[in-house]
Amino acid sequence: MTRKSVLSLKRRQFLAISLALGLSACDKNAVNFNSIDITGADYCRDFKLSDSDGKIRQLADFKGRYVLVFFGFTQCPDICPTALARAAEVKQKLGKDGDQLQVIFISIDPARDTADLMRAYTQNFEASFLGLRGSDEQTKQVADEFKVFYAKVATGSSYTMDHSTLSYLFDTTGKIRLAMRHEHNADQFAADIRQLMKQASRVLYFFVL
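Residues numbered from 1 in each chain as written. Predicted model: local features only at pLDDT ≥ 70, side-chain atom pairs only at ≥ 80, totals over all residues. Heavy atoms only, no water.

Draft legend 1. Spotlight on helix α3 (residues 115-123). Listing the buried residues of α3 in full gives M118, Y121 and T122. Burial along α3 is one-sided: seen end-on, the buried residues are contained in an arc of 90 degrees. Seen from the open side of α3, the exposed residues pointing more than 90 degrees away from its buried face are D116 and A120. Next to the buried residues of α3 lie α2 (79-93), β5 (101-107) and β6 (130-132). (Buried < 20%, exposed > 50% of the residue type's maximum accessible area, 1.4 Å probe, protein only. Helix = DSSP H or I, 4+ residues; strand = E, 2+ residues; numbered from the N terminus. Arc of directions from axis to C-beta. Contact = heavy atoms within 4.5 Å.)

Draft legend 2. A look at the sheet that holds strand β4 (residues 66-72). Spatial ordering of the open sheet is given by β1-β10-β9-β4-β5-β6, a layout of six strands whose pairing is mixed. Both outer strands of the open sheet, β1 (36-37) and β6, are each paired with one neighbouring strand and no more. Bridge analysis of strand β9 (residues 167-170) against strand β10 (residues 176-180) gives four bridges, and the strand direction is antiparallel. Across the sheet, L169 pairs through a bridge with L178, a residue of β10. (Pairing = 2+ DSSP bridges.)

Draft legend 3. Geometry of the nonpolar core. Ranked by internal contacts, the top residues of the largest apolar core, which has 53 residues, are V69, F146 and Y168. Here V69 is in contact with F47, I104, I106, F146, L166, S167, Y168 and F170, once residues within four sequence places are set aside. (Core = buried A, V, L, I, M, F, W, Y, C linked by side-chain atoms within 4.5 Å.)

Draft legend 4. Structural detail: the packing of aromatic side chains. The tally for this structure, following the rule as stated, stands at six aromatic pairs. Geometrically, the ring pair formed by F105 and Y121 is tilted, given 5.5 Å between the ring centres and 40 degrees between the ring planes. Remark: Y121 occurs in helix α3 and F105 occurs in strand β5; sequence separation between them is 16 residues. Residue Y121 is classed as buried on the basis of its relative accessible area, which comes to 14%. Members of the aromatic cluster, each reached through a chain of ring pairs, are F70, F105, Y121 and F125. R112 extends its terminal NZ or CZ atom over the ring of Y159, reaching a point 3.7 Å from the ring centre. K152 extends its terminal NZ or CZ atom over the ring of Y159, reaching a point 4.5 Å from the ring centre. (Phe/Tyr/Trp six-rings, centres within 6.5 Å; stacked < 30°, edge-to-face > 60°. Lys NZ or Arg CZ within 6 Å of the ring centre and 35° of its normal.)

Draft legend 5. Local environment of the confidence of the model for the protein chain. The share of residues in the protein chain with pLDDT of 70 or more is 82%, and the mean pLDDT across the chain is 88. Taken as a whole, residues 14-20 scores under 50 in pLDDT and shows nine contacts with residues more than four places along the chain or in a different chain. Below a pLDDT of 50 lies the segment residues 23-28, which in the model reaches eight contacts outside its immediate sequence neighbourhood of four places, other chains included. (pLDDT = per-residue confidence, 0-100.)

Draft legend 6. Structural context of the environment of Y43. Residue position: Y43 is located in the loop between β1 and β2 (49-50). Discounting chain neighbours no more than four positions away, the residues touching Y43 are I38, E145, F146, K147 and I176.

Draft legend 7. Spatial organisation of the pattern of salt bridges. In the structure shown here, the tally under the stated rule is ten salt bridges. Here R112 makes a salt bridge to D109, at a shortest N to O gap of 2.6 Å. Owing to a relative accessible area of 18%, R112 belongs among the buried residues under this scheme. Within this structure, D51, R57 and D61 form a network of salt bridges that share partners. (Salt bridge = Lys/Arg side-chain N within 4 Å of Asp/Glu carboxyl O.)

Draft legend 8. Molecular detail of helix α4 (residues 136-145). Those residues of α4 that sit buried are T139, V142, A143 and E145. Along the axis of α4, the buried positions cluster into a sector of 160 degrees, meaning they face one direction only. In α4, the exposed residues that point more than 90 degrees away from the buried face are D136 and E137. Next to the buried residues of α4 lie β2, β4, β5 and β7 (150-155). K147 lies just past α4 and shows a positive phi near 55 degrees.

Here it is in C-alpha cells:
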C-alpha cells in the first residue's frame, strides 16, 4: 500500500470514528426512552454468581448480546413472575432480534432458591433464561453494586422478601444503559431495546465506511 493510500485510509477511519461519536452523542440527547437512561453510571458494573450448573458467570460471558437483569426470588407471588413473563413476551416482540437478548434472574433468597429450583423456575418462562445465585455475602455484594434493596419480611412461621423492582439493561459491550420500570409493559420494554439496537447499527455503519 502506498503512503498516499495509507493516509487516505487513516482519514476515512478518523472521519468514521468522529461521525460515530457525534451520532452517538446526538442519539443520546434525541431518544426519549420509556426507561431511565443511566448510561455511564458508576454502578451496575458486573456480577459474579453461579448458574444452575455451578459455573461462575459474569457480564463478559455475554459480550455481543443485550442483557436484561432482574433481582427476585422463586417464591415471589406476583412481581417476579410478572417481570419474567414480560421478559419472555419482549423476546417474542423483538422477533429474530430476540435471540440477541439474554435474560438473567438473580436470586435474593439463596437459602431457598437452590440451583435446581432456579433452573426449573426460569425455564418455565423461557428456555434461554438464566438463573444465578450466590452465598448470602455474594448476594449482598451484587445487590449493593446494582443499588438493589431487599429484606426478609416475617410471615407467620416463614418469611417473604421485599425488594426493588427495576430491571437493568446492558448493551452488547457490557455497559449499563437503562433502568427499566416495573410498571411498564412489554411493548415499552421492546421499544427501548429496539432504540438501542438502532443506535448500535448506525455506529457500526459509520465504522465500516
